[in-house]
Amino acid sequence: MLSAEEKILLQQVREKLKSHEEEIGSAALERMFITYPQTKTYFPHFDLSHGSAQIKGHGKKVADALANAIQSVDNLSQSLSALSDLHAYNLRVDPVNFKARGGWGCSRGAETRLALQLLSQCLQVVLASTFGKEFTPEVHAAFDKFLSGVAAVLAEKYR
Amino acid sequence: MVHWTAEEKQLISSVWSRVSVEQCGGEALARLLIVYPWTQRFFESFGNLSSPTAILGNPKVRAHGKKVLTSFGEAIKNLDNLKATYTRLSELHCDKLHVDPENFRV
């Protein structure tokens, strides 16, 4: 659960997100694809080259969704419900992984949670490098807690 | 075992040469204890860890952070021989400190 102070700090993060949506979102995605190449398997239909329009577009969507989620942080399960279905459904039908593992359910949910953790790491790296000292340990802690909550909700439809 | 390309080793060394081990070490360990408070259980002898300010200012945290990053520096100089370089530390973390390796991930 987030404390009152943490929610205030999240509002600061939200302002940053809203003012640099495409920049932050696409930088985080790119870092994730480069640093953790296994995450590319979730985007077989994307052009993943540097600066691709699809990465920019998707990055903007991700940052925007996070900014909105911050506004409804007390009710993530409901506010992210549609995205939760989308991630559960889309990620399940990835043909590469489906064939290799033959499966849905638990192991896919665990993989998704891991992938989302990796994206969370990359988002934090981008925020830290863009905002330097403003990304204080307190802001870092609040944002990390928030991202864990988001990842849990997005992966919850697997069980 | 992980293997790094020549280019990756170059990148690692060049980033590392700009790191102030004392300053970054202290702050990195402090952030660990602040952002993931359950890790404080390994540092109960460090004294006051009651708030982010206390943790950031705690001299034992700073000293230990410096130790950790100094050790990273050693590792970076010995990337081709990491396993041997870290044998003693691995045993320490496993046999004496009982740290779940889950804590070592990203």
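Going by the annotation in an unreviewed UniProt entry, the name recorded for chain B is Hemoglobin subunit beta, with Upupa epops given as the source organism. The heading Sequence similarities (unreviewed entry) in the UniProt record of chain B holds the text "Belongs to the globin family." In the Subunit (unreviewed entry) part of its UniProt record, chain B is described as follows: "Heterotetramer of two alpha chains and two beta chains."

Per an unreviewed UniProt entry, chain A is named HBAD protein, and its organism is Upupa epops. In its Function (unreviewed entry) section, the UniProt entry covering chain A states "Involved in oxygen transport from the lung to the various peripheral tissues." Regarding chain A, the UniProt comment filed under Sequence similarities (unreviewed entry) reads as follows: "Belongs to the globin family."

Participant: Can you explain the UniProt feature "coiled-coil region" (unreviewed entry) in chain A? Please cite residues and give values.
Facilitator: UniProt records the feature "coiled-coil region" (unreviewed entry) at residues 3-30 of chain A, using the numbering of this structure. Counted over residues 3-30 of chain A, helix gives 93% and strand 0%. Its end C-alpha atoms are 32 Å apart.

Participant: Outline the pattern of salt bridges, listing residues and values.
Facilitator: A complete count under the given rule lists 10 salt bridges over all chains for this structure. Note that B:K66 is salt-bridged to B:E22, the shortest N-O span being 3.9 Å. Of the two residues, B:K66 is situated in helix 4 (residues 59-77) and B:E22 in helix 2 (residues 21-35); the sequence distance between them amounts to 44 residues. Of the residues examined, B:E22 reaches a relative accessible area of 52% and is grouped as exposed. Salt bridges sharing partners connect three or more residues here, namely A:K18, A:E21, A:K60 and A:D64.

Participant: Outline the interface of chain A and chain B, supporting the account with residue identities and numerical values.
Facilitator: Between chain A and chain B, the contact holds 12 residues from the first and 8 residues from the second. Between chain A and chain B, a total of about 900 Å² is buried, with carbon and sulfur atoms accounting for 56% of that surface. Across the contact surface, chain A and chain B share 3 residue pairs in polar contact (both at pLDDT 80 or more). Of all the elements in the fold, those that place two or more residues in the side of chain A that touches chain B are helix 7 (105-131) and helix 8 (137-155) of chain A. Broken down by element, the side of chain A that touches chain B gets its largest block of residues, 5 residues, from helix 8 of chain A.

Participant: I'd like a rundown of the side chain of A:S52, residues and numbers included.
Facilitator: Here A:S52 is to be found in the loop between helix 2 (21-35) and helix 3 (53-71). Of note is the side chain of A:S52, whose polar atom sits 2.7 Å from the backbone oxygen of A:D47.

Participant: Describe helix 2 of chain B, naming the residues involved and giving the relevant values.
Facilitator: When the terminal C-alpha atoms of helix 2 of chain B are compared, their 20 Å separation across 15 residues agrees well with the 21 Å that a helix rising 1.5 Å per residue should span. Of the residues making up helix 2 of chain B, those classed as buried are B:G25, B:G26, B:L29, B:A30, B:R31, B:L33, B:I34 and B:V35. Its buried side turned inward, helix 2 of chain B meets helix 8 of chain A together with helix 3 (52-57) and helix 4 of chain B.

Participant: Describe the confidence of the model for chain A, naming the residues involved and giving the relevant values.
Facilitator: Across chain A, pLDDT averages 86, with 85% of residues at or above 70. Here residues 93-105 of chain A is a poorly scored stretch, pLDDT under 50, and it has 17 contacts once near neighbours within four places are set aside; other chains count.

Cut-offs used in this document
Residues numbered from 1 in each chain as written. Chains lettered and ligands numbered in written order. Predicted model: local features only at pLDDT ≥ 70, side-chain atom pairs only at ≥ 80, totals over all residues. Heavy atoms only, no water. UniProt positions renumbered as here; feature names shortened; annotations may be inferred. Helix = DSSP H or I, 4+ residues; strand = E, 2+ residues; numbered from the N terminus. Salt bridge = Lys/Arg side-chain N within 4 Å of Asp/Glu carboxyl O. Buried < 20%, exposed > 50% of the residue type's maximum accessible area, 1.4 Å probe, protein only. Contact = heavy atoms within 4.5 Å. Buried area = accessible area lost by both parts, 1.4 Å probe. Polar contact = N/O pair within 3.5 Å; in protein donor to acceptor, adjacent residues only side chain to side chain. Expected span 1.5 Å × (residues − 1). pLDDT = per-residue confidence, 0-100.

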